[in-house]
Amino acid sequence: LDPEKAPTDWDDFLKTCEILKEHGITPISSGNNRPFTTDFIRRTLVSAFFSSDEIKNFYQQGRGIASEEYRIIMNFCLTLRKNEYLDPDGIFRPYFNYSPDSFKDGKCAMTIGLLSDIAHWKTFSDNIGKDNLGYFPNLVHPKMKNPGVQLLQNAGLVIGINKNSPNKELAYKYLKNMYSKKSLYFLEDELGMLVPVKGQHLPAEDYPVLKDIEKSLKNTGVDLEQYTKSTYIRNLLYRYDNLLFNSMEISIDDYIQRVYNNLKLF
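From a predicted model like this one, the values you see are computed outputs, not experimental measurements.

**Details of the overall build of the protein chain**
Counting secondary structure elements, the protein chain contains 11 helices and two strands. Considering only C-alpha atoms, the protein chain reaches an extent of 60 × 50 × 35 Å along its principal axes. Each of the 266 residues in the protein chain was classed as buried or not, and the buried ones make up 42%. Long-range pairs, those at least 24 residues apart, make up 69% of the contacts in the protein chain with a sequence separation of at least 6. Of the roughly 14,900 Å² of accessible surface on the protein chain, a fraction of 50% belongs to carbon and sulfur atoms. The positive charge centre, built from 33 side chains, and the negative charge centre, built from 34, are 9 Å apart in the protein chain.

Printed below as a string of structure tokens:
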């Protein structure tokens, strides 16, 4: 494999996974308890296959579920699972500790997400060596409307101050300091969190992978999760994803039909 050229083409990526497996290397670290890894992969691919308008209305009347593109995505995820390109030991393990640990320990060749607040470019670079870490944002497929687009998952905190609190002014000062530019720079320098601060200087000279990350951030897609307002949809997907990917009890056809039937009147 060429370490300077990531296999972003759809078919080349699958061939690369097979080469890695043949050489005793698990291609992708995973923790699919709920599921997570396959959900991250699906949402990343949805952002590339569909337009922003299609993503906004993806679940209405199940139109996105019934599309040819969605079947391609789900078949891809199932291929990763069946061929053991996803770490089979991680299928029923929690993503947020098992997957990063198995990647940074060198047990798997790839991991999902180097921009995470849990494990990311800084912790991995410090662990396996800054010159041993590469990055690519997405795959490329002929049917994609936004091939290779970077997906950013929304995350954040909502903090409230009780208006009857005797210390509300002090609490406000604390929060103002907590979210000051100085504090945000600290989060970036010490923890590797990429925070939305204008004019931030990322240490690309110390962490070369940041050059690829910064380049990818200029071409970002729309996250399906942003328009999944209902817990009904989330729980529906988790239930059937588990049957399809984890236990592999149902087929792709059965999966799509079941999810569609539950959404066609939504």
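**A closer look at a nonpolar patch on the surface**
There is a patch of nonpolar side chains on the surface, built from L157, I159, Y174, M178 and Y179 and spanning about 540 Å² of accessible area. Checked against the element boundaries, I159 lands in the loop between α6 (121–128) and α7 (168–178). Judged by its relative accessible area of 43%, I159 falls in the partly exposed class.

**Examining the pattern of salt bridges**
Here the idea is simple: oppositely charged side chains can pair when their charged atoms come close. Going through the model one piece at a time under the given rule, you end up with 12 salt bridges. Across the pair D39 and R43 runs a salt bridge whose closest N-O atoms are separated by 2.9 Å. Of this pair, D39 and R43 both sit in helix α2 (residues 37–49), separated by four residues, roughly a single helical turn. Looking at D39, the relative accessible area reads 8%, which means it is buried. One salt bridge in this structure joins K130 and D131, with 3.6 Å as the shortest N-O distance. The class for K130 is partly exposed, based on a relative accessible area of 37%. Note on D131: relative accessible area 60%, which makes it exposed.

**Re the nonpolar core**
Ranked by internal contacts, the top residues of the largest apolar core, which has 45 residues, are W10, F13, F76, L80 and Y255. The set of elements that each furnish at least two residues to this core consists of α1 (10–22), α2, α4 (68–82), α10 (231–246) and α11 (252–263). When residues of this core are assigned to their parent elements, the largest contribution, eight residues, is made by α4. Once residues lying within four places of it in the same chain are set aside, the contact partners of F13 are P7, I28, F76, L80, M110, F136 and L139. Counting residues in each nonpolar core, the second largest holds 13 residues, with F103, W121, Y207 and V209 among its members.

**Comments concerning α10**
The terminal C-alpha atoms of α10, which comprises 16 residues, lie 21 Å apart, in line with the 22 Å expected from a rise of 1.5 Å per residue. Along α10, the residues that are buried comprise I233, L236, L237, Y238, Y240, D241, L243, L244, F245 and N246. Buried residues belonging to α10 abut α2, α4 and α11. Where α10 begins, the capping side chain belongs to S230, and its oxygen is found 3.0 Å from the backbone nitrogen of Y232. Positive backbone phi, at 50 degrees, marks M248, one or two positions downstream of α10.

**Quick word on the packing of aromatic side chains**
Tallying each qualifying case throughout the model produces 15 aromatic pairs. Measuring from centroid to centroid gives 5.3 Å for F58 and Y59, while their planes differ by 90 degrees, and the two rings are edge-to-face. In this structure, F58 and Y59 share a single accessibility class: buried. A centroid spacing of 6.3 Å and a plane angle of 15 degrees characterise the contact between Y232 and F266, whose relative ring orientation is stacked. Taken together, the residues Y232 in helix α10 and F266 in the segment after α11 connect sequence positions 34 residues apart. According to the relative accessible area criterion, Y232 is partly exposed, its value standing at 37%. When the ring centre of Y240 is taken as reference, the NZ or CZ atom of R239 above it lies at 5.1 Å.

Calculation rules
- Every chain's residues receive numbers from 1 upward, in the order its sequence appears when written.
- At least 70 in pLDDT is required for a residue's local features to be given in this predicted model, at least 80 for side-chain atom pairs to be given and counted, and no such filter applies to totals for whole chains, interfaces and linings, which use all residues.
- The basis for every side-chain value is the complete set of heavy atoms in the structure, and neither hydrogens nor water enter the calculation.
- Helix and strand assignments follow DSSP, with helices taken as H or I runs no shorter than four residues and strands as E runs no shorter than two, numbered in order from the N terminus.
- A simple rule labels every residue: compare its accessible area, found with a 1.4 Å probe on the protein chains alone, to the largest value its type can have, and call it buried under 20%, exposed over 50%, or partly exposed in between.
- Contacts: residue pairs with any heavy atoms within 4.5 Å of one another.
- Each accessible area value is a Shrake-Rupley result obtained with a 1.4 Å probe; residue values ignore everything except the protein chains displayed when judging cover.
- A residue counts as positive if it is Lys or Arg and as negative if it is Asp or Glu; His and the chain ends are not included.
- For this purpose, a charge sits on NZ of Lys, CZ of Arg, CG of Asp or CD of Glu.
- Each patch is built from residues lacking any salt bridge and having more than 30% relative accessible area; the joining distance is 9 Å for like charges and 5 Å for nonpolar side chains (Val, Leu, Ile, Met, Phe, Trp, Tyr).
- Salt bridges are identified by distance alone: a Lys or Arg side-chain nitrogen within 4 Å of an Asp or Glu carboxyl oxygen.
- For the purposes of this section, nonpolar cores are sets of buried Ala, Val, Leu, Ile, Met, Phe, Trp, Tyr and Cys residues that join through side-chain atoms within 4.5 Å.
- A helix's residues, less one, multiplied by 1.5 Å, set its expected span.
- Between N or O atoms, a polar contact is any pair within 3.5 Å; within protein, one atom must be a potential hydrogen donor and the other a potential acceptor, and residues adjacent in sequence are included only when both atoms are from side chains.
- Stacked, edge-to-face and tilted labels apply to pairs of Phe, Tyr and Trp rings (six-membered ring for Trp) whose centres lie within 6.5 Å, assigned for plane angles under 30 degrees, over 60, and everything in between, in that order.
- Charges are assigned to positions over rings by a cutoff of 6 Å between ring centre and Lys NZ or Arg CZ, combined with an angular limit of 35 degrees from the ring normal.

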